[in-house]
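Observations on the three-dimensional arrangement
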Amino acid sequence: MSYQDLYQQSIEQPEVFWRKQAELIKWYEFPETILSQDEHGFFRWFAGGKLNTSYLALDAQIEDGRGNQLALIYDSPVTNSQHKFTYTELRDEVAVFAGGLKNLGVGKGDRVIIYMPMVAEAVISMLACARLGAVHSVVFGGFAPHELAVRINDAKPKVLVTASCGIEFTNVIEYKPLVDRALEIAEFAPEKTVVLQRPQAEAEMQSGRDYDWVKLVNQAEPVEPVPVEATDPLYILYTSGTTGLPKGVVRDNGGHAVALKYSMKAVYNTDPGDVYWAGSDVGWVVGHSYIVYAPLLHGCTTIVYEGKPVRTPDAGAFWRVISEHKVNTFFTAPTAFRAVKKEDPEANLKKLYNISSLRTLFLAGERLDPPTYEWLKEILKEDSGAGIPVVDHWWQTETGWAICSNPMGIEPHPVKNGSPTVAMPGYNVQVLDDEGNTCKPGETGNIVIHLPLPPSCLPTLWNDNDRFKQSYLSRYDGYYLTGDEGIKDEDNYIFVMGRTDDVINVAGHRLSTGEMEELIAGHPAVAECAVTGIDDELRGQVPVGFVVLKDGVEMSQEQMQKELVDIIRRDIGAVAYFRQSGIVKRLPKTRSGKILRKTIRKLAVETEVSVPPTIDDPIILDEIRDVMRERGIGQYAVS
Ligand code: COA
Ligand code: AMP
């Protein structure tokens, strides 16, 4: 069937379309309804169905004859080690760790926070929760104790699973003191923690609360998968919104399993038995969907890579992994390849490896900027005969899989540089102006998705139906607001231009400038502040803060910057990459008092900035430009 026919059917007859996909996974009980609405009026997929995601990812694959096939390869250049698990071995590890969690009192519906580096045990923990019907919430290991505490308070976990340390290039980052600190400041404390002791750093254990992973497993019995409802939550993944309180995106079991399996062929053109590698982190949605669940649900081999694109040991790291493990499909963020390009612009290190196994390269997490696309196309043009296709695809934590992509497993489309191509089946993507009218082809507007969203997309936010409605459903009746703006062209290609809210993307990490402002506003000398993301060659965007001092306060620019950098590093983490700030006399505002953050961002990167008609006093822009010049911010950076 052509893409157009499939797409049309998915929009006009969603229940017919997704029933067919649902029939491809093994249910304990097939759903009573394909699409329905719950008591809050939210759309739900596959209500009445019973399944277990860990069973589908492991046991069902073994039943289908994949027991001896590799399920997971752990490749860790930072510890110089590797470990391979067949499906049977991974299932056994998961079943027994699930037994350990059960012994700690974890059961169906209980939450478990997982705060771990990129080790196989992170995946094992996630699948063990799924096996028990417990709800995991993975917190990215780069987040500081304050961020971990905020998530603990919201999820109220029974148990927290962690490791003694993570390794960033050659730095050993001790996790346990961060966890201890988070538990100290959290208002809710899980009763127990499980700690994976790694040889690079021994964690100090608190007797009665902290359990050693190995001892826990040695005393545990394997457990069988627990059937759950299709609409029961599989996980909560917190993502940055416009405030300091992250949004707990809920993923259900049924819709997730069906859509992710579907995506492996339709989007990625990947077949069971293939080696699929997503070079991301289990703390992000890409890691959840395409390091852990989708490859295993589809009978592929997945890779957990504890390393970086560069300096572990060099910019040939990606090519080494692809060649060594015969990767067929590779997926990473553009920023990772910008780092490679910076260190090895001619891609000389690629010549050292045979990457003939690679069929397609996928990129997401941020816009694939045209220069990076051109560079990748050029360096891959002689591989696999006609060159390896480079595919940009656009999605969000909220959806769990691609909203727009080149449908490689349905009907590959010609590429338009700068566009993630077309809507995937199930996503009725529209572009609306501020009044709710459909934009003409080529006109910029808010990108929205007509309801219902397809399976796997968030049914709601954890414990916050009102925020779900208010953040996503209230702007336009009957539509989900993506938070991105962009255009649809005459061929229905979508171009995503950027966020319309206070969310920025730093090296593929989604962060909230609103949260940074809340933290900076807590500084005793600060009267007012604005944080905005400015363009950065390597990281895509980096945050920069501008503050107005309280009357009578004297402080040097350097001292203020140091203190603000410390605050963001302490409370959010080094990943926020907040490095620059400026003290200004005033912030540009509209006459009604709204801070013009977009204008500040433009001042940092554009030479000609038109003065917004709503501004209260245009002279402020010159003052800010002077501070940017003095501080070397954005275009005024001294290289
Ligand atoms: N745990 C603890 N700290 C972390 C961390 C983690 N998981 N990830 C990053 N950090 C820290 C770094 O150590 C660094 O700390 P420092 O300021 O003390 O040196 C800081 O956060 C900034 O990190 P980063 O922006 O990643 O810069 P870098 O120089 O360490 O690495 C890249 C640059 C491009 C190699 C790296 O950002 C990268 O691999 N990006 C790809 C990210 C990605 O795949 N995202 C996909 C999401 S879909
Ligand atoms: P996250 O929830 O962390 O995956 O971040 C989602 C946001 O990242 C989206 O709303 C976009 O702003 C941005 N994003 C992700 N992928 C792309 C892409 N391919 N093109 C443009 N923006 C993207």
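Given the structure is predicted, the values throughout are model-derived calculations rather than measurements.

Calculation criteria
- Along each chain, numbering runs from 1 in the same order as the chain's sequence is written.
- Lettering for chains starts from A, numbering for ligands starts from 1, and both go in the order in which the items are written.
- In keeping with the model being predicted, local features are shown solely for residues with a pLDDT of at least 70 and side-chain atom pairs are shown and tallied solely at 80 or more, while totals for entire chains, interfaces and linings include all residues.
- Here the side-chain values reflect all heavy atoms present in the structure, with hydrogen atoms and water set aside.
- Secondary structure counts use DSSP, requiring at least four H or I residues in a row for a helix and at least two E residues in a row for a strand, with both numbered from the N terminus.
- Working rule for helices: expected span equals 1.5 Å times residues minus one.
- Any two residues having at least one pair of non-hydrogen atoms within 4.5 Å are treated as being in contact.
- Whether a residue is near a molecule or strand depends on its heavy atoms: it is near if one of them lies within 4 Å of it.
- Throughout this description, a polar contact denotes any pair of N or O atoms lying within 3.5 Å of each other; where both atoms belong to protein, one of them has to be capable of donating a hydrogen while the other can accept it, and for residues adjacent in sequence the pair is counted only when both atoms sit in side chains.
- Accessible surface area values rest on a Shrake-Rupley calculation with a 1.4 Å probe, where residue burial reflects the displayed protein chains alone.
- Any residue that is not Ala, Val, Leu, Ile, Met, Phe, Trp, Tyr, Cys, Pro, Asp, Glu, Lys or Arg is counted as polar, Gly included; the first ten are nonpolar and the last four charged.
- Where a domain begins and ends is set by an automatic assignment or by a domain database.
- As a working definition, buried area equals the accessible area (1.4 Å probe) given up by two parts on being put together, with both sides summed.
- Every case where a carboxyl oxygen of Asp or Glu lies within 4 Å of a side-chain nitrogen of Lys or Arg is listed as a salt bridge.
- Where helices are involved, their axes are fitted lines through C-alpha atoms of the stretch in contact, as for all axes, and angles between N-to-C directions lie from 0 to 180°.
- For classification, angles of less than 35 degrees are called roughly parallel, those exceeding 145 degrees roughly antiparallel, those between 65 and 115 degrees roughly perpendicular, and all remaining angles oblique.
- Two helices crossing with the near one rotated counterclockwise from the far one by less than a right angle form a left-handed crossing, whereas a clockwise rotation gives a right-handed crossing.

Look at helix α16 (residues 557–571): 21 Å from first C-alpha to last across 15 residues, which is about the 21 Å you get at 1.5 Å a residue. Contact partners of the buried residues in α16: α6 (145–155), α15 (513–521), β29 (526–536), β30 (540–549), β31 (580–583) and α18 (619–631).

Before going further, it helps to examine the site of ligand 1. Taken together, 24 residues are adjacent to ligand 1, and Glu-168, Pro-309, Arg-539, Arg-569 and Arg-579 come closest. One nitrogen or oxygen atom from the side chain of Arg-539 is found 2.8 Å from an oxygen atom belonging to ligand 1. Note that an oxygen atom of ligand 1 is positioned 2.5 Å from one of the side-chain N or O atoms of Arg-569. Summarising the interface, the protein chains cover 83% of the accessible area of ligand 1, which totals 940 Å² for the free molecule. Across the shell around ligand 1, the residue classes tally to eleven nonpolar, seven polar and six charged. When residues of the shell around ligand 1 are assigned to domains, at least three map to each of domain 1 (87–226) and domain 2 (507–636).

A few words on the domain arrangement of the protein chain. Looking at the protein chain, the domain boundaries give domain 1 (87–226) and domain 2 (507–636). With seven residues of domain 1 at the interface, the matching set in domain 2 holds eleven residues. Taken together, the two surfaces of domain 1 and domain 2 that pack against each other cover about 560 Å², and 57% of this comes from carbon and sulfur. Counting across the domain 1 and domain 2 interface gives zero salt bridges. A class-by-class count of the residues in the side of domain 1 that touches domain 2 yields four nonpolar, two polar and one charged.

As a further point, take the site of ligand 2. Near ligand 2, the surroundings consist of 15 residues, among which His-393, Thr-397, Asp-484, Arg-499 and Arg-510 are the closest. A distance of 2.8 Å is found between a nitrogen atom of ligand 2 and a side-chain nitrogen or oxygen belonging to Asp-392. Within the backbone of His-393, a nitrogen or oxygen atom sits 2.7 Å from a nitrogen atom of ligand 2. Computed on the free molecule, ligand 2 has an accessible area of 490 Å², of which 93% lies beneath the protein chains in the complex. Across the shell around ligand 2, the residue classes tally to four nonpolar, five polar and six charged.

This part is about the packing of helix α5 (residues 120–132) against helix α10 (residues 285–297). Where α5 meets α10, the axes come as close as 11 Å, and the angle between the chain directions of the two elements is 55 degrees. Taken as axis vectors, α5 and α10 run oblique relative to one another. By crossing handedness, the relation of α5 to α10 is classed as right-handed. Facing α5, whose interface residues are Val-123, Met-126, Leu-127 and Ala-130, α10 presents His-288, Val-292, Tyr-293 and Leu-296.

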